[in-house]
Amino acid sequence: MRTRYVGTTLLATGALLLGTTSCAKNDTSSDAAAKPRAIKAVAGCGKGSWTDPADRSPGRKPARCDKGAPAPVKLSKPRKLTIATGTLSAEYVAPLEMAVKKGEFKKEGLDVKLKVLPTPDALPLLAKGEIDAQWAAPEAAVMNGILGGFDIKWVSGNFSPDPKSKSGLWVRLKKGQSASQVRMAGKKMGTLIGKGSVASYPMNIALKKHDGGLNKVQFQQLGSADVLTGLQNGGVDSAWLLDPIWRKVDGDKRYAFLGGQPQGEPLGGLLYGPNLLSKDPDAGVAFLRAYIRTVNTYFRGDYKKDPAFVTELARLLKTDKKVLEETPSLRMDWEIRSGTTDRLQAAYKAAGVSEGDPLPESKTVNRKLYEEAVGHKP
């Protein structure tokens, strides 16, 4: 089942590459071809609106401007943008949905449509300019697409976990075992996430701490309702449990948490294609400005301390308020850390789902647009 999932995803992306690379690939990248853009100071966005990309310390505070900042700068002509996302019910998508609901995109002159599309389907559309952006992550399929000629860049982060979160790798302990004694080599791990996901990076870190690694464990891909059941009934030895499923085993001495996404390091966010990278970067900056303003206004810190806001959020995501309250607030974070795509590609290589040589960060990441949105001069 695992092999079919990974193989199908990557083969499908490869086939799409053959059909679209000729129209997506340029002799020079969009970044190199674009003229330098003027960076102006932005009211309400001071020193705290930018952090050193090299800082990956768990205690790093995410960048923030004042509430309501950066202020809208309405485009001279309105634009219609289509943004692909894999889901509209996950909490990490909430800033985009809230920006639509509160009219933050409209303040910039943007008419934004959020469209549910899985990454393999959205990627070629993004590269061809048939959609404008993708709320996803630099997964293996994305890296392989860029390698094949897709003009796509990761332009902003989404979130990192709260220190209290235990979303990640859980193991079922045998009698007399503790978390420090578990050896993962040869164990069977249940997950609804394929090896080509960005979760491969934190998975590999957690596994290596326990004599394992992506190449030393057996993966069994399960449905969302079956991952926890498999762990509990012994069908798998360990499982990658997402919010809020891990709460079902938290505090139970029969299970141990071995690690999750690194704190302070977002692993997903916005991907831009040629439309917003080079054809219309004004709209690209405007979209990020609205997203950043939404984070600063509605998702500043522990936003779940406000019961009224949690109620509003639950309605927006069409989920149960109690489900949201079971897990800590996400640390919404629009910035991208240095070297993240290097670490992701190393994990994809270990998992056997990458193609060709690793891409340098200059080919995968563009921080210029969110820096412009907050007025930061590198």
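Residues numbered from 1 in each chain as written. Predicted model: local features only at pLDDT ≥ 70, side-chain atom pairs only at ≥ 80, totals over all residues. Heavy atoms only, no water.

K.L.:
Describe the state of the cysteines, and please don't skip the residues or the numbers.
P.N.:
Using the criterion set out here, one finds one disulfide in the structure. Sulfur-sulfur distance for the disulfide between Cys45 and Cys65 comes to 2.2 Å. Since a negative S-S torsion denotes a left-handed disulfide, the Cys45-Cys65 link at about 105° is right-handed. Here the residue Cys45 occupies a position in the loop between α2 (30-33) and β1 (79-85), and Cys65 occupies one in the loop between α2 and β1, the gap between them amounting to 20 residues. (Disulfide = S-S within 2.5 Å. Helix = DSSP H or I, 4+ residues; strand = E, 2+ residues; numbered from the N terminus.)

K.L.:
Describe the sheet that holds strand β11 (residues 269-272), with residues and values.
P.N.:
A sheet is described by the order of its strands in space; here five strands give the open sequence β2-β1-β3-β11-β4, paired in mixed fashion. The strands lining the two open edges of the sheet, one partner per strand, are β2 (110-116) and β4 (153-157). When strand polarity is set aside, the average angle formed by the axes of neighbouring strands in this sheet is 25°. Two elements, strand β3 (residues 133-136) and β11, share four bridges in a ladder whose sense is antiparallel. (Pairing = 2+ DSSP bridges. Axes fitted to C-alpha atoms, helices over the stretch in contact; angles between N-to-C directions.)

K.L.:
So what's going on with helix α10 (residues 307-317)? Residues and values would help.
P.N.:
For α10, the complete set of buried residues consists of Phe309, Val310, Glu312, Leu313, Ala314, Leu316 and Leu317. For α10, the secondary structure elements touched by its buried residues are α3 (94-101), α9 (281-298) and α11 (321-325). The opening residue of α10 is Asp306, an N-cap whose side-chain oxygen sits 3.0 Å from the backbone nitrogen of Ala308. (Buried < 20%, exposed > 50% of the residue type's maximum accessible area, 1.4 Å probe, protein only. Contact = heavy atoms within 4.5 Å. Polar contact = N/O pair within 3.5 Å; in protein donor to acceptor, adjacent residues only side chain to side chain.)

K.L.:
Can you tell me about the pairing of strand β7 (residues 188-191), naming the residues and giving the values?
P.N.:
Where β7 lies against strand β8 (residues 218-221), four bridges are found, and the strand directions are parallel. Bridge pairing links Gly190 to Gln220 in β8. Looking at chain direction, β7 and strand β9 (residues 238-241) are connected through two bridges and run parallel. The residue of β9 that forms the bridge with Met189 is Ser238.

K.L.:
Give a detailed account of helix α6 (residues 200-208), specifying residues and quantitative values.
P.N.:
Across the nine residues of α6, seven count as buried, placing the element largely inside the fold. Those residues of α6 lying buried are Ser200, Tyr201, Pro202, Met203, Asn204, Ala206 and Leu207. Contacts made by the buried residues of α6 are with β6 (168-172), β7, β8, β9, β10 (255-260) and α12 (340-351).

K.L.:
An account of the side chain of Ser160 is needed here, citing residue identities and associated values.
P.N.:
Its place among the elements puts Ser160 in strand β5 (residues 159-160). Within polar-contact distance, the side chain of Ser160 engages the backbone nitrogen of Gly264 at 3.4 Å. Excluding residues within four positions of it along the chain, Ser160 makes contact with Gln261, Pro262, Gln263, Gly264, Glu265, Pro266, Leu330 and Arg331.

K.L.:
Describe the packing of aromatic side chains, and please don't skip the residues or the numbers.
P.N.:
By the definition in use, this model includes seven aromatic pairs. Ring geometry for Phe105 against Phe287: centres 4.5 Å apart, planes inclined by 20°, an arrangement best described as stacked. With a gap of 182 residues between them, Phe105 in the loop between α3 and β2 and Phe287 in helix α9 connect regions that are remote in the sequence. In this structure, Phe105 and Phe287 share a single accessibility class: buried. Here the aromatic residues Phe299, Tyr303 and Phe309 are joined through ring pairs into a cluster of three or more. (Phe/Tyr/Trp six-rings, centres within 6.5 Å; stacked < 30°, edge-to-face > 60°.)

K.L.:
Account for the nonpolar core, naming residues and giving values.
P.N.:
By size, the foremost hydrophobic cluster in this structure holds 97 residues, and its most contacted members are Ile83, Leu110, Leu270, Tyr272, Phe287, Tyr291 and Leu313. It is α9 that provides the largest number of residues to this core, a total of nine residues. For Phe287, the residues in contact, after removing those within four places along its chain, are Leu81, Ile83, Leu96, Phe105, Leu110, Val112, Leu270 and Tyr272. Val227, Leu231, Val236 and Tyr255 belong to the second largest nonpolar core, which has eleven residues in total. (Core = buried A, V, L, I, M, F, W, Y, C linked by side-chain atoms within 4.5 Å.)

K.L.:
So what's going on with the confidence of the model for the chain? Residues and values would help.
P.N.:
When pLDDT is averaged along the chain, the result is 90, and 91% of the positions lie at 70 or above. Within the model, the stretch residues 1-30 combines pLDDT values under 50 with 40 contacts to residues more than four positions away or in other chains. (pLDDT = per-residue confidence, 0-100.)

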